[in-house]
Amino acid sequence: IMNTREQIIEKCFFKAHHELSTLNEDRYKKIVRKLIEVGKKKLGTDCIVKISRDIDKKISEEFGLSVSGRVESSGGIKLISSNGRIILDQTFESILKRNKNKIRGKVGKILFSWRGADIIARCVF
């Protein structure tokens, strides 16, 4: 039962990653803007951005940030402090990875409660 539950949760993570990878442009822009806002608060305005999608460059420039290079990711950005000592990885894969245990617990509670049967069917099928 535990292995089956874990497999179902992993399928949900796979589906979530797929959904993030295929966001429409307006939704994606909104998310990247928020990631940049958070990053600027943590690193200041003098940071460099590595982009994953071409649209990230335009969004970064709207915030007055320099773009230097690309990061291999399905979406999101990396922000690097001006001295290069701090890297804030805001790519979709890294965000999911950092938060996986917290998300896993919430997903498990939702899926395996008595109301979770219809949700399981949507994640698996």
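Use the structure listed above.
In this text the structure is predicted, and so the values were computed from the model without any measurement.

S.K.: Teacher, can you tell me more about the sheet that holds strand 4 (residues 87-91) here?
M.R.: Within a sheet, neighbouring strands are paired by backbone hydrogen bonds and run either parallel or antiparallel to one another. Taken together, the 4 strands give an open sheet; going across it, the order is 2-1-3-4, and neighbouring strands pair in mixed fashion. Lying at the two open borders of the sheet, with one neighbouring strand each, are strand 2 (66-70) and strand 4. Neighbour-to-neighbour, the strand axes of this sheet turn through a mean angle of 25°, independent of strand direction. Bridge count for strand 1 (residues 47-51) against strand 3 (residues 76-81) is 5 bridges, and the pairing is antiparallel.

S.K.: Would you explain helix 2 (residues 25-43) in this entry?
M.R.: Given 3.6 residues per turn, any residue in an α-helix points the same way as the ones three and four places further on. Over its 19 residues, helix 2 runs 26 Å from end to end, which matches the ideal 27 Å to within 8%, given 1.5 Å per residue. Three or more residues of helix 2 are buried, namely Tyr 28, Lys 29, Val 32, Leu 35, Ile 36, Gly 39 and Leu 43. Across the axial projection of helix 2, the buried residues extend over an arc of 125°, all falling on one side. In helix 2, the exposed positions that point more than 90 degrees away from the buried face belong to Asp 26, Lys 30 and Lys 41. For helix 2, the capping residue at the N-terminal end is Asn 24, with a side-chain oxygen 3.1 Å from the backbone nitrogen of Asp 26. Gly 44 lies just past helix 2 and shows a positive phi near 90°.

S.K.: When you look at the pairing of strand 1 in this model, what are you seeing that I'm missing?
M.R.: Within a regular strand, side chains alternate between the sheet's two faces. In strand 1, alternate side chains face the same way, and those of Cys 47, Val 49 and Ile 51 are buried while those of Ile 48 and Lys 50 on the opposite face are not. Here strand 1 pairs with strand 2 via 3 bridges, running parallel. Residue pairing across strands places Ile 51 opposite Arg 70, the latter belonging to strand 2. Read as a crossover between parallel neighbours, the route from strand 1 over helix 3 (residues 54-62) to strand 2 is right-handed.

S.K.: Teacher, can you tell me more about the packing of aromatic side chains here?
M.R.: One pair of aromatic rings is described through two measures. These are the centre distance and the angle between the planes. The tally for this structure, following the rule as stated, stands at 1 aromatic pair. Measuring from centroid to centroid gives 5.8 Å for Tyr 28 and Phe 92, while their planes differ by 75°, and the two rings are edge-to-face. Taken as a pair, Tyr 28 in helix 2 and Phe 92 in helix 4 (residues 92-98) lie far apart in primary sequence, 64 residues in all. On the basis of relative accessible area, Phe 92 is assigned to the buried category, the value being 3%. The ring of Tyr 28 is capped by Arg 53, whose NZ or CZ atom sits 3.9 Å from the centre of that ring. Of note, Lys 100 hangs over the ring of Phe 13, and the distance from its end group to the ring centre comes to 4.9 Å.

S.K.: Sorry if this is basic, but what is going on with the side chain of Gln 90 here?
M.R.: Residue position: Gln 90 is located in strand 4. If we skip the residues at most four places from it in the chain, Gln 90 touches Leu 35, Val 38, Gly 76, Ile 77, Lys 78, Leu 79, Ile 95 and Arg 98.

S.K.: Hey, could you run me through the side chain of Ser 81 in this one?
M.R.: By the secondary structure assignment, Ser 81 is in strand 3. If sequence neighbours within four positions are ignored, Ser 81 has contacts with Leu 43, Asp 46, Cys 47 and Ile 86.

Quick notes on the rules
Residues numbered from 1 in each chain as written. Predicted model: local features only at pLDDT ≥ 70, side-chain atom pairs only at ≥ 80, totals over all residues. Heavy atoms only, no water. Pairing = 2+ DSSP bridges. Helix = DSSP H or I, 4+ residues; strand = E, 2+ residues; numbered from the N terminus. Axes fitted to C-alpha atoms, helices over the stretch in contact; angles between N-to-C directions. Expected span 1.5 Å × (residues − 1). Buried < 20%, exposed > 50% of the residue type's maximum accessible area, 1.4 Å probe, protein only. Arc of directions from axis to C-beta. Polar contact = N/O pair within 3.5 Å; in protein donor to acceptor, adjacent residues only side chain to side chain. Right-handed = clockwise from strand over helix to strand, strands pointing away. Phe/Tyr/Trp six-rings, centres within 6.5 Å; stacked < 30°, edge-to-face > 60°. Lys NZ or Arg CZ within 6 Å of the ring centre and 35° of its normal. Contact = heavy atoms within 4.5 Å.

Such coordinate-based values are descriptive only and should not be taken to indicate function.
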